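Notes for the structure review
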Amino acid sequence: MKKILFLFSIVALLSQAISCSSSQTYLDKNTVSQLVTDKTFTFMAQRANPLSMDVSKVMSAIPGAVASQVINLDYGYTVVVNKDKLTVNLPYYGRAYNAPMDPSKNGYSFSSENFTYISKPGKKNSTMLTFYINDKPFIQKMYLQIYQNGKAYLSIDSNDRQPISYDGYIMKNAANTDKN
């Protein structure tokens, strides 16, 4: 009987921890709506989700590393959206079909002033943004799904790489990012 009570208490604690972590609020609903309407916000990536099993095979070959499809990222990987400029600085994990000679250019690091995006309602009271970057031929589309609490999910389809997605949140642009 003590074992059953112990198991129930552990299950209750775990379910409470899971529900608290999934309901984390980054911004209030009105601020999120205003940022999307103004077309000025920053997507801050927290995790990369490569869609290739090759990445987890490589990760499992590294001594002491944990093989996983989710890679936790350091602070600072962003997509900065302004009305007239889009700045992307994200790492890439996966197979590149046309790899650059310079290894420092393996990630997605570019700015675009010739882009458009369409906003439409998504599932679960979210907003779905589809970015069309017209001056970068290697990017097909970028999809950004923004939830009411500020949590966001970004997916990038590229011509020369396997798709990848990122989990993170949106926030207000920093004052100095408008000048970049």
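We now turn to the structure provided with this report.

Quick look at the overall build of the chain
When you go through the chain residue by residue, the secondary structure sums to 3 helices and 10 strands. Moving toward the C terminus, one meets the helices and strands of the chain in the order α-α-β-α-β-β-β-β-β-β-β-β-β. Each of the 180 residues in the chain was classed as buried or not, and the buried ones make up 35%. Taking the contacts inside the chain whose residues are at least 6 apart along the sequence as the reference set, 54% of them involve residues at least 24 apart. As displayed, the chain has an accessible area near 11200 Å², and 56% of this comes from carbon and sulfur atoms.

Notes on the layout of surface pockets
Its volume calculated, the largest pocket comes out at about 160 Å³. Taken together, K29, V32, S33, V36, T37, S119, N125, S126, T127, I146, Y147 and Q148 make up the lining of the largest pocket. The dominant element in the lining of the largest pocket, judged by the number of residues it contributes, is helix 2 (residues 29–38), at 5 residues. For the lining of the largest pocket, the residue count by class is 4 nonpolar, 7 polar and 1 charged.

Description of helix 2
Residues T31, V32, L35 and V36 constitute the buried set of helix 2. Down the axis of helix 2, the buried set is contained in an arc of 130°. They therefore lie on one face. Exposed and oriented more than 90 degrees from the buried face of helix 2 are K29, N30 and T37. In this structure, the buried residues of helix 2 make contact with strand 1 (41–50), strand 6 (115–121), strand 7 (127–133), strand 8 (139–146) and strand 10 (164–171). Measuring from the backbone nitrogen of N30 back to the side-chain oxygen at the start of helix 2 gives 3.3 Å, which picks out D28 as the cap. Just past helix 2, the residue K39 takes up positive phi, approximately 60°.

Rules behind the numbers
- Residues numbered from 1 in each chain as written.
- Predicted model: local features only at pLDDT ≥ 70, side-chain atom pairs only at ≥ 80, totals over all residues.
- Heavy atoms only, no water.
- Helix = DSSP H or I, 4+ residues; strand = E, 2+ residues; numbered from the N terminus.
- Buried < 20%, exposed > 50% of the residue type's maximum accessible area, 1.4 Å probe, protein only.
- Contact = heavy atoms within 4.5 Å.
- Areas by Shrake-Rupley, 256 points an atom, 1.4 Å probe, with all protein chains shown as cover.
- 1 Å grid on protein atoms, 1.4 Å probe; cavity = no way out; pocket = protein on both sides within 12 Å on 5 of 7 lines; lining within 4 Å.
- Points joined across faces, edges and corners; volume = space filled by probe spheres on them.
- Nonpolar A, V, L, I, M, F, W, Y, C, P; charged D, E, K, R; others polar.
- Arc of directions from axis to C-beta.
- Polar contact = N/O pair within 3.5 Å; in protein donor to acceptor, adjacent residues only side chain to side chain.

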